[in-house]
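The chain contents come next:
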Amino acid sequence: MRKNFGKQTWVLPQPVLIVGTYDKDGKADAMNAAWGGVYDTNTVMLCLGEHKTTDNIKEQKAFTVSFGDVKNLVASDYVGIASANDDPDKMKKSGFTTVKSGHVNAPIINELPVTLECKLVKFNEDGIVVGEIVNVSADESVLGADGKIDSDKLDLITFDPIHATYRKVGEKVGNAFSDGKKLK
């Protein structure tokens, strides 16, 4: 037996994406965006609507995307519920500090260990932002022995839209593009 819930925006898991931008005066801002992900090869898509962040992206033609983690859950949630339009000290209150990307005119949030540095490809009238990933940067603390990002070291969180909660991403359970070969 199945229970019907009608139309819902329940895609699981939903990443917790922290979008970083600079305003016209070079002041860093960030917002939490759960609706986003891969758009195509080397591109990301974010559904942002109208925010100071979207104004900043339109003006600077660049943004960064970092991933929320357990350690920074409170700050990640805060930048999603506070608006820089209403609170000019939003970043200071969050505890996030930034450094300018060497690849695009947008901030890298020091506390979040992985960042996609993106240049704007297009901004649709319905609030959809598409960006080209020009660089991925990662703090050395999250690199594995192979020199690549180790997902187990990230301690990522996801957004559960059904219960309005954050969930911790779990352990490895299989090998992509490999385990299914058993059925060939």
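For the structure itself, consult the block above.
Residues numbered from 1 in each chain as written. Predicted model: local features only at pLDDT ≥ 70, side-chain atom pairs only at ≥ 80, totals over all residues. Heavy atoms only, no water.

Participant: So what exactly am I meant to see when it comes to the overall build of the protein here?
Facilitator: The number of helices and strands found in the protein is three helices and 12 strands. Against the globule reference of 16 Å for 184 residues, the protein gives a C-alpha radius of gyration of 17 Å, in line with a compact fold. Counting only residues that meet the buried cut, the protein has 38% of its 184 residues in that class. For the protein, the accessible surface area stands at approximately 11,400 Å², while carbon and sulfur atoms represent 52% of it. Looking at the protein, you have 23 positive and 26 negative side-chain charges, and the mean spots of the two groups are 5 Å apart. (Helix = DSSP H or I, 4+ residues; strand = E, 2+ residues; numbered from the N terminus. Rg over C-alpha atoms; globule rule 2.2 N^0.38 Å. Buried < 20%, exposed > 50% of the residue type's maximum accessible area, 1.4 Å probe, protein only. Areas by Shrake-Rupley, 256 points an atom, 1.4 Å probe, with all protein chains shown as cover. Lys, Arg positive; Asp, Glu negative; His and termini not counted. Charge placed at Lys NZ, Arg CZ, Asp CG, Glu CD.)

Participant: How should I be thinking about the layout of surface pockets in this particular structure?
Facilitator: Where empty space is left can be seen by rolling a probe of water-molecule size over the atoms. When its volume is computed, the largest pocket comes out at roughly 450 Å³. What lines the largest pocket is a set of 19 residues, among which Phe67, Ser151, Leu154, Leu156 and Val169 lie closest to the centre. Going through the elements one at a time, strand E1 (14-15) and strand E11 (157-160) are the ones with two or more residues in the lining of the largest pocket. Residues belonging to the lining of the largest pocket are distributed by class as follows: 10 nonpolar, five polar and four charged. (1 Å grid on protein atoms, 1.4 Å probe; cavity = no way out; pocket = protein on both sides within 12 Å on 5 of 7 lines; lining within 4 Å. Points joined across faces, edges and corners; volume = space filled by probe spheres on them. Nonpolar A, V, L, I, M, F, W, Y, C, P; charged D, E, K, R; others polar.)

Participant: Is there a simple way to think about the sheet that holds strand E2 (residues 17-22) in this case?
Facilitator: To summarise the sheet geometry, strands pair through backbone hydrogen bonds and adopt either a parallel or an antiparallel arrangement. Taken together, the seven strands give an open sheet; going across it, the order is E3-E2-E6-E9-E10-E5-E4, and neighbouring strands pair in antiparallel fashion. On the outer flanks of this sheet lie strand E3 (28-33) and strand E4 (36-40), each paired with one strand and no other. Averaged over all neighbouring strand pairs, the angle between strand axes comes to 35 degrees, with direction disregarded. Examined bridge by bridge, E2 and E3 share six bridges and lie antiparallel to one another. For Val19, the partnering residue across the bridge sits in E3 and is Met31. Sheet strands in contact with helix H1 (residues 52-60) are E2, E3, strand E6 (62-67), strand E9 (114-123) and strand E10 (128-138), and its direction is about 55 degrees off that of E2. (Pairing = 2+ DSSP bridges. Axes fitted to C-alpha atoms, helices over the stretch in contact; angles between N-to-C directions. Contact = heavy atoms within 4.5 Å.)

Participant: Just to check I follow, could you spell out the side chain of Ser66 for this structure?
Facilitator: Mapped onto the fold, Ser66 is located in strand E6. For Ser66, a relative accessible area of 1% corresponds to the buried category. Here Val114 takes part through its backbone oxygen, which lies 3.5 Å from a polar atom of the side chain of Ser66. Within the structure, Ser66 has its side chain in polar contact with the side chain of Thr115 (distance 3.0 Å). Excluding residues that lie within four positions of it along the chain, Ser66 makes contacts with Val16, Leu17, Ile18, Leu112, Val114 and Thr115. (Polar contact = N/O pair within 3.5 Å; in protein donor to acceptor, adjacent residues only side chain to side chain.)

Participant: Would you take a moment to explain the pattern of salt bridges for this structure?
Facilitator: Two side chains that carry opposite charge are able to pair once their charged atoms sit near each other. With the rule as written, the count across this model stands at six salt bridges. In this structure, Glu50 engages Lys58 in a salt bridge whose closest nitrogen and oxygen atoms are separated by 3.6 Å. What makes Glu50 exposed here is its relative accessible area of 55%. The partner of Glu132 in a salt bridge is Lys119, and the shortest N-O contact between them spans 3.5 Å. Here Lys119 lies in strand E9 and Glu132 lies in strand E10, a separation of 13 residues in the sequence. Assessed through its relative accessible area of 29%, Glu132 is described here as partly exposed. Here Lys119 falls in the partly exposed class, since its relative accessible area comes to 40%. (Salt bridge = Lys/Arg side-chain N within 4 Å of Asp/Glu carboxyl O.)

Participant: Honestly, the sheet that holds E11 in this entry has me stumped. Any pointers?
Facilitator: The three strands lie next to each other as E1-E11-E12, forming an open sheet whose pairing is antiparallel. Whereas interior strands pair on both sides, the edge strands pair on one side only; in this sheet they are E1 and strand E12 (165-168).

Participant: Would you mind going over the pairing of E10 with me for this structure?
Facilitator: Along any regular strand, the residues point their side chains to alternate faces of the sheet. Pairing geometry for strand E5 (residues 43-47) and E10, over five bridges, is antiparallel. By the bridge assignment for E10, Met45 is matched with Val130. Both E9 and E10 contribute to a ladder of nine bridges, which runs antiparallel. Each residue of the ladder has a partner; that of Glu117, found in E10, is Asn135.

Function cannot be read off these values alone, since they describe shape.
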